[in-house]
Amino acid sequence: MEIPNYGKIEARAVLFDLNGTLGVEGVVDEKVKHLLGRLAEIYEVIVLSADTFGTLEEQFDGLPVKIERVRDGNEKLERAMKYEPYIAVGNGNNDVRMLENAELAFCVIGKEGATIDALLASDVVVTDVKDAVVMLLNEKKLTATLRG
């Protein structure tokens, strides 16, 4: 996609954090799951998570989403680099390096909050992950936010 006065985004993958980004306390809303299914028709969708609440497999069972467990932010970046160029969506300190390396980065300030470093490493800030996914599904919404 080409965004006027911003540049071209060539990503083929969207990488998500689970806790605080896609879900609250490890649980992903059914509307979010539906949107991820739609997004997977356009991009490869990957969830990189330390799986704090132990729900990773259960939450994405049956969805066209690839899941990978990571220990920390360094490993998250290492795994993310396999999908370059990519779009990243996160909220915490262990997402910062993944967000910084992304072609386009979203910070989600949801019910579990977000860190200042994740915020500063992002191009777009939303208060609900559904808004980030909808922007990726409707390029005009993304263009309206990012155009220079």
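For the structure itself, look to the data block above.
What counts, and where the lines are drawn
Residues numbered from 1 in each chain as written. Predicted model: local features only at pLDDT ≥ 70, side-chain atom pairs only at ≥ 80, totals over all residues. Heavy atoms only, no water. Helix = DSSP H or I, 4+ residues; strand = E, 2+ residues; numbered from the N terminus. Rg over C-alpha atoms; globule rule 2.2 N^0.38 Å. Buried < 20%, exposed > 50% of the residue type's maximum accessible area, 1.4 Å probe, protein only. Contact = heavy atoms within 4.5 Å. Areas by Shrake-Rupley, 256 points an atom, 1.4 Å probe, with all protein chains shown as cover. Lys, Arg positive; Asp, Glu negative; His and termini not counted. Charge placed at Lys NZ, Arg CZ, Asp CG, Glu CD. 1 Å grid on protein atoms, 1.4 Å probe; cavity = no way out; pocket = protein on both sides within 12 Å on 5 of 7 lines; lining within 4 Å. Points joined across faces, edges and corners; volume = space filled by probe spheres on them. Nonpolar A, V, L, I, M, F, W, Y, C, P; charged D, E, K, R; others polar. Core = buried A, V, L, I, M, F, W, Y, C linked by side-chain atoms within 4.5 Å. Salt bridge = Lys/Arg side-chain N within 4 Å of Asp/Glu carboxyl O. Axes fitted to C-alpha atoms, helices over the stretch in contact; angles between N-to-C directions. Parallel < 35°, antiparallel > 145°, perpendicular 65-115°, else oblique. Left-handed = near helix turned anticlockwise from the far one by under 90°. Pairing = 2+ DSSP bridges.

(A) Quick look at the overall build of the protein chain. Secondary structure summary: the protein chain contains seven helices and 10 strands in total. Its C-alpha atoms give the protein chain a radius of gyration of 14 Å, within 12% of the compact-globule value 15 Å for 148 residues. Taking all 148 residues of the protein chain together, the buried fraction comes to 49%. In the protein chain, of all internal contacts separated by at least 6 residues, the share reaching a separation of at least 24 is 51%. Put simply, the protein chain shows about 7300 Å² of open surface, and 46% of that area lies on carbon and sulfur atoms. When the 17 basic and 26 acidic side-chain charges of the protein chain are each reduced to a single mean position, those positions are 4 Å apart.

(B) Here's a closer look at the layout of surface pockets. In this structure, the largest pocket encloses a volume near 260 Å³. Lining the largest pocket are 17 residues, and of these Thr21, Leu22, Val24, Lys111 and Asp128 sit closest to its centre. Elements with a minimum of two residues in the lining of the largest pocket: strand S4 (23–24), strand S5 (27–28) and helix H6 (129–137). Here the residues of the lining of the largest pocket sort into seven nonpolar, five polar and five charged.

(C) Representation of the nonpolar core within the structure. By size, the foremost hydrophobic cluster in this structure holds 33 residues, and its most contacted members are Phe16, Leu22, Phe106 and Leu142. Tallying contributions element by element places H6 first for this core, with five residues. Sequence-distant contacts of Phe106, defined by excluding residues within four places in its chain, comprise Ile87, Ala88, Val89, Gly90, Leu99, Ser122, Val124, Val126, Ala132, Met135, Leu136 and Leu142.

(D) Spotlight on the pattern of salt bridges. Scanning all chains against the criterion turns up 11 salt bridges. Arg79 serves as the salt-bridge partner of Glu75, at 2.8 Å between the closest nitrogen and oxygen. Taken together, the residues Glu75 and Arg79, both in helix H3 (residues 73–80) and four residues apart, mark about one turn of the helix. A salt bridge links Lys130 to Asp128, with the nearest nitrogen and oxygen atoms 3.1 Å apart. Through salt bridges with shared partners, a single ionic network connects Lys66, Glu68, Arg71, Glu75, Arg79 and Lys82.

(E) Main features of the packing of helix H1 (residues 30–39) against H6. Running from N to C, H1 and H6 cross one another at 20°; their axes reach a closest spacing of 10 Å. Put simply, H1 runs roughly parallel to H6. At the point where H1 passes H6, the crossing takes the left-handed sense. Contacts between H1 and H6 involve Lys31, Val32, Leu35, Leu36, Arg38 and Leu39 from the former and Val129, Lys130, Val133, Val134, Leu136 and Leu137 from the latter. The residue makeup of the contact of H1 with H6, split by class, is nine nonpolar, no polar and three charged.

(F) Examining H3 more closely. Among the residues of H3, those classed as buried are Gly73, Glu75, Lys76, Leu77 and Ala80. Residues of H3 that are buried sit in contact with strand S3 (13–16), strand S6 (44–49), strand S7 (66–69), strand S8 (86–90) and helix H4 (96–101).

(G) Quick look at the sheet that holds S7. Strand order across the open sheet formed by six strands is S7-S6-S3-S8-S9-S10, with parallel pairing between neighbours. In this open sheet, the two edge strands, each paired with only one partner strand, are S7 and strand S10 (124–126). Direction aside, neighbouring strands of the sheet carry axes that sit 20° apart on average. Note that S3 and S8 share four bridges and pair parallel. Paired with Val14 across the two strands is Ile87, which belongs to S8.

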